[in-house]
Amino acid sequence: MFSRIDHVGIAVPNMDEAVRFYTETFDMRVAHEETNVAQGVREVLLDVGDDGGAQVQLLAPLRADSAVGKFLDRSGPGVQQVAYAVDDVEAATARLREAGMRVLYPAAQSGTAGSRVNFVHPKDAGGVLIELVEHPRA
Ligand code: V0V
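The shown structure was predicted, so the numbers you read here are calculated from the model rather than taken from an experiment. (Residues numbered from 1 in each chain as written. Predicted model: local features only at pLDDT ≥ 70, side-chain atom pairs only at ≥ 80, totals over all residues. Heavy atoms only, no water.)

**Observations concerning the site of the ligand**
Close to the ligand lie 24 residues; Q39, R74, T112, K123 and E131 are nearest. Within the side chain of Q39, an N or O atom sits 2.8 Å from a nitrogen atom of the ligand. Take H121: an N or O atom from its side chain is 3.0 Å from an oxygen atom of the ligand. Secondary-structure elements contributing two or more residues to the shell around the ligand are α2 (67-75), β5 (78-85) and β7 (116-120). (Near = heavy atom within 4 Å. Polar contact = N/O pair within 3.5 Å; in protein donor to acceptor, adjacent residues only side chain to side chain. Helix = DSSP H or I, 4+ residues; strand = E, 2+ residues; numbered from the N terminus.)

**Quick look at the sheet that holds β7**
Spatially, the 8 strands line up as an open sheet ordered β2-β3-β4-β1-β5-β8-β7-β6, and their pairing is mixed. Strand pairing shows two members of the sheet lacking a second neighbour, β2 (29-36) and β6 (109-110), which therefore form its edges. Bridge count between β7 and strand β8 (residues 130-134): 5 bridges; the pairing is antiparallel. Paired with R116 across the strands is E134, a residue of β8. (Pairing = 2+ DSSP bridges.)

**Things to note about the packing of aromatic side chains**
A full pass over the atoms with the stated rule returns 5 aromatic pairs. With centroids separated by 5.4 Å and ring planes inclined at 90 degrees, the aromatic side chains of F21 and Y22 adopt a geometry described as edge-to-face. These aromatic residues form a ring-pair network of at least three members: F21, Y22 and F26. (Phe/Tyr/Trp six-rings, centres within 6.5 Å; stacked < 30°, edge-to-face > 60°.)

Spelled out as structure tokens, the structure:
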């Protein structure tokens, strides 16, 4: 169903401090930055190495009542989601719904860099919020 781990999303209270930490401590490079008002987040994607593999996505809340704002309030900074790449987000979510999982949006939403995304509730996936990511075709 999944082609690879796309990114690991980490909730951070202060984006500038977090970017400094990841770039200076671990030599990661900023690949993309975006604000997603509908999701209530500022996002920064970091390349981990040179092989084009899975990225780290830093997520800072725009509002306290956003998904990431609530996560930080409840759990503090840390891994908020694991995102998997899929070829067809609607087909993947249809299969997961058939398997009885709660998919959070009736249809895919706008994600980072033109992607289409949806999520599986963490309570149906062993305590991990799963994001499904379909990238735009080249
Ligand atoms: C909540 N819970 C989590 C969790 N969020 N457990 C693991 N990981 C998380 N991220 C647990 C929480 O501790 C409670 O457990 C229980 O779930 C509460 O469920 P709830 O009442 O439904 O909680 P809410 O209101 O905090 O909502 C949680 C969900 C929300 C997952 C429904 O965060 C959501 O809609 N997320 C999807 C959108 C999102 O995450 N957007 C930000 C990233 P107990 O205490 O009951 O045991 S946007 C993004 O990544 C983009 C655009 C991109 O990559 O392109």
